Amino acid sequence: MNIIQIVGYKNSGKTTLASHLIETFTTKGIRVASLKHHGHGGEPTGISNTDSEQHRASGAFVSGVTGEHILQLANQGRWELSQILPFYQRLGAKVLVVEGFKSENYPKIVLLKNKNDQHLLKSLTNILAVMTWFPMDHPSLPTFLKGEEKKLCHWISETIFQNK
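Every chain's residues receive numbers from 1 upward, in the order its sequence appears when written. Confidence filtering applies because this is a predicted model: local features only for residues at pLDDT of at least 70, side-chain atom pairs given and counted only at 80 or more, and all residues used for totals across whole chains, interfaces and linings. Water and hydrogen atoms were dropped before computing side-chain values, which therefore reflect all heavy atoms in the structure.

Bringing the side chain of Ser-12 into the picture now. Turning to its location among the elements, Ser-12 is positioned in the loop between β1 (2-8) and α1 (14-27). Between two residues, a contact is recorded if the distance between any of their heavy atoms is within 4.5 Å. With near-sequence residues (within four places) excluded, Ser-12 lies in contact with Leu-111, Lys-113 and Trp-133. Numbered from the N terminus, helices here are DSSP runs of H or I no shorter than four residues, and strands are runs of E no shorter than two.

Structure follows, in structure tokens:
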């Protein structure tokens, strides 16, 4: 399974780019999955006040609910990416688009909304390319401007996944 991370701060365009990537690979007949990290503190909307949450609170190490094409899982501890990846692989994903999980070491596209965000380029690992909201040249990373999502998706498709 090929993994590509999209990282950046809130409202930098991560979900928009993820949607473009998913559409790009899906139209090529590739089985694509996605995973979003809820990094804003608290639990994602939809967990609290549910029967599955009551099961989890009662002691189930993992509880789930499914309906209308949705599967939602909750567990007692914190979900680590290493615990989630085998689940996606088991489902047959060929490409997994991961939004967030900045500290993980998978191939990343870094989104920079402000010039102040450029410090991410020094603190993150395994950066493939950068997408910015402002003109910027980077000596060793392909750089794309916001609005060039299709161009970036084509580059990823041709450069990264074509070689595998």
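A few words on the environment of Asn-126. Locating Asn-126 in the fold gives a position in the loop between α4 (120-123) and β7 (127-132). Each C-alpha atom, one on Asn-126 and one on Asn-105, is 6.0 Å from the other, the two residues being 21 residues apart in sequence. Beyond its immediate stretch of four places on either side in the chain, Asn-126 contacts Asn-105, Tyr-106, Pro-107 and Lys-108. From its side chain, Asn-126 meets the backbone oxygen of Asn-105 in a polar contact 3.0 Å long. Pairs of N or O atoms are called polar contacts if they sit within 3.5 Å, as long as, within protein, a hydrogen donor faces a hydrogen acceptor (for residues adjacent in sequence, only side-chain-to-side-chain pairs).

Attention now goes to helix α3 (residues 81-90). Burial here depends on accessible area, computed with a 1.4 Å probe over protein chains only, as a share of the maximum for the residue type. Under 20% is buried, over 50% is exposed, and the range in between is partly exposed. When α3 is considered as a whole, its buried residues turn out to be Leu-81, Ile-84, Leu-85 and Tyr-88. Each buried residue of α3 sits inside an arc of 105 degrees when the element is viewed along its axis, so together they form one side. Away from the buried face of α3 by more than 90 degrees, exposed residues Ser-82 and Arg-90 are located. Here the buried face of α3 lies against β1, β2 (32-36) and β5 (95-99). The directions considered for the arc are those from the helix axis to the C-beta atoms.

Time to look at the sheet that holds strand β6 (residues 108-112). Taken in spatial order, the 6 strands make up an open sheet running β2-β5-β1-β6-β7-β8, and their pairing is parallel. Only two strands of the sheet have a single neighbouring strand rather than two, namely β2 and β8 (143-145). Taken pair by pair, the neighbouring strands of this sheet meet at an average axis angle of 20 degrees, ignoring direction. Strand pairing is assigned whenever DSSP identifies at least 2 bridges connecting the two strands. With 4 bridges connecting them, β1 and β6 associate as parallel partners. When the sheet's bridge partners are listed, Val-7 is paired in β6 with Val-110. Inter-axis angles, ranging from 0 to 180 degrees, are taken between N-to-C directions of lines fitted to C-alpha atoms, where helices are fitted over the stretch in contact. Along the sheet, α3 makes contact with β1, β2 and β5, crossing β2 at roughly 155 degrees.

Our focus in this paragraph is a nonpolar patch on the surface. Patches in this entry comprise residues that are over 30% relatively accessible and not in a salt bridge; like charges within 9 Å are linked, as are nonpolar side chains (Val, Leu, Ile, Met, Phe, Trp, Tyr) within 5 Å. Areas reported as accessible are Shrake-Rupley estimates using a 1.4 Å probe. Residue values count occlusion only from the protein chains shown. Any carboxyl oxygen of Asp or Glu that lies within 4 Å of a side-chain nitrogen of Lys or Arg is treated as forming a salt bridge with it. Nonpolar side chains collect at one region of the surface, where Phe-61, Val-62, Leu-71, Leu-73, Trp-79, Phe-87 and Leu-91 lie side by side and expose about 650 Å² of accessible area between them. If you trace the backbone, Leu-71 turns up in strand β4 (residues 70-75).

This next bit is on the side chain of Glu-99. Take Glu-99: it is sitting in strand β5. Since its relative accessible area comes to 8%, Glu-99 is described here as buried. A polar atom in the side chain of Glu-99 sits 2.8 Å from the side chain of Thr-15. Glu-99 has contacts with Ile-6, Lys-14, Thr-15, Ala-18, Leu-35, Lys-36 and His-37, leaving out every residue within four places of it along the chain.

Applying the stated criterion across every chain yields a total of 3 salt bridges. With a closest N to O distance of 3.0 Å, Glu-99 and Lys-36 form a salt bridge. On the criterion of sequence distance, the pair formed by Glu-99 in strand β5 and Lys-36 in strand β2 is long-range, its members being 63 residues apart. Notably, a salt bridge pairs Lys-146 with Glu-149, separated by 3.0 Å at the nearest N-O pair.

What follows deals with unusual backbone geometry. Across the chain, the bulk of peptide bonds are trans and the bulk of non-glycine residues have phi less than zero. Positive phi outside glycine occurs at Asn-11, with the angle close to 65 degrees. On the basis of relative accessible area, Asn-11 is assigned to the exposed category, the value being 53%. Even without being a glycine, Asn-126 presents a positive backbone phi close to 55 degrees.

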